[in-house]
Amino acid sequence: MKNLLYIFTLLAFTLASCSEDRKQSYPPTFSGFEYTPVPARPGDSVTVSIVQAKKGKYLNAASYNLNVRLSYQRDNGEPGDTTLTITYHTNYDGTDNGNPSFRFKLPETTTSDRANCSFSARWSNSTDGIGGSFGQGSIRSYSYALYSNASGSFTFPIAQ
């Protein structure tokens, strides 16, 4: 009887330790930024794309943000600084897991010889996050239990 109890206990522990592979959310990793036209000039419509090296998995709501900092000449001739902010939201796994892209127009009065851009993203994880830091270079991705995010910055030249 003791042997039978021992076998059932051993069997229960063995079955409990065998669980199916857990699906874990993880963010995309990015290889960098692309922009068009090259060269960009004041008054141009510019498209900036953040290029994914590897797609993320099990991500829901996505929020992407791009800030573009420029210098310009005010109507009174004085120099000024401005930041263009472009934000959009989508469902990463459901509708749009392509490269985040932003389109904006450079002001005609831009006096900068370059645009300073900063990018950030946040995704809601649909399963537990894998945890950790991913990617290398100018954009880093991070995964936590409930959400994942990424951030980075770059500049591109503006021809005058």
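Scroll up a little and you will see the structure.
Residues numbered from 1 in each chain as written. Predicted model: local features only at pLDDT ≥ 70, side-chain atom pairs only at ≥ 80, totals over all residues. Heavy atoms only, no water.

Considering the overall build of the chain
- A count of helical and extended segments in the chain gives 1 helix and 9 strands.
- Each helix and strand of the chain, placed in order from N terminus to C terminus, yields the pattern α-β-β-β-β-β-β-β-β-β.
- Residues counted as buried form 32% of the 160 residues belonging to the chain.
- Within the chain, contacts between residues at least 6 apart in sequence are counted, and of these 69% link residues at least 24 apart.
- When the accessible area of the chain is evaluated, it comes to approximately 9,600 Å², of which 52% is carbon and sulfur surface. (Helix = DSSP H or I, 4+ residues; strand = E, 2+ residues; numbered from the N terminus. Buried < 20%, exposed > 50% of the residue type's maximum accessible area, 1.4 Å probe, protein only. Contact = heavy atoms within 4.5 Å. Areas by Shrake-Rupley, 256 points an atom, 1.4 Å probe, with all protein chains shown as cover.)

Some points on the nonpolar core
- If you look at the biggest cluster of nonpolar residues, it comprises 28 residues, and the most contacted ones within it are Val48, Leu66, Phe104, Phe119, Trp123 and Phe156.
- It is strand S3 (residues 59–73) that provides the largest number of residues to this core, a total of 6 residues.
- The contacts of Phe119, once residues within four sequence positions are left out, are Phe30, Phe33, Ile50, Tyr64, Asn65, Leu66, Pro100, Phe102, Ile139, Ala150, Ser151 and Gly152. (Core = buried A, V, L, I, M, F, W, Y, C linked by side-chain atoms within 4.5 Å.)

Things to note about the sheet that holds strand S9 (residues 147–157)
- Across the sheet, 6 strands lie side by side as S4-S3-S6-S9-S8-S7; this open sheet has antiparallel pairing. At either end of the open sheet lies a strand with only one pairing partner, and these are strand S4 (79–91) and strand S7 (132–134). Across the sheet, the mean angle separating the axes of adjacent strands is 15° when strand polarity is ignored.
- Pairing of S3 with strand S6 (residues 114–125) involves 9 bridges; the strand directions are antiparallel. Within S6, the position partnered with Asn67 by the bridge is Ser118. (Pairing = 2+ DSSP bridges. Axes fitted to C-alpha atoms, helices over the stretch in contact; angles between N-to-C directions.)

Some points on the sheet that holds strand S2 (residues 45–54)
- Taken in spatial order, the 3 strands line up as S1-S2-S5 in an open sheet, and their pairing is antiparallel. In the strand order of this sheet, the two ends are held by strand S1 (29–36) and strand S5 (101–105), each with one partner. The mean angle between the axes of side-by-side strands here comes to 15°, regardless of whether they run parallel or antiparallel.
- Alignment of S2 against S5, held across 5 bridges, turns out to be antiparallel. Each residue of the ladder has a partner; that of Ser45, found in S5, is Lys105.

Things to note about the pattern of salt bridges
- Per the stated rule, a full pass over the model turns up 2 salt bridges.
- When the shortest N-O distance is used, the salt bridge between Asp81 and Arg69 registers 3.6 Å. One end of the pair, Asp81, is in strand S4; the other, Arg69, is in strand S3, and 12 residues separate them in sequence.
- Here Arg69 falls in the partly exposed class, since its relative accessible area comes to 43%. (Salt bridge = Lys/Arg side-chain N within 4 Å of Asp/Glu carboxyl O.)

A short note on the side chain of Thr110
- By the secondary structure assignment, Thr110 is in the loop between S5 and S6.
- Judged by its relative accessible area of 3%, Thr110 falls in the buried class.
- Among the polar contacts made by the side chain of Thr110, one reaches the main-chain carbonyl oxygen of Pro107 at a distance of 2.7 Å.
- Setting aside anything within four residues of it in sequence, one finds Thr110 in contact with Pro42, Leu70, Ser71, Tyr72, Ile158 and Gln160. (Polar contact = N/O pair within 3.5 Å; in protein donor to acceptor, adjacent residues only side chain to side chain.)

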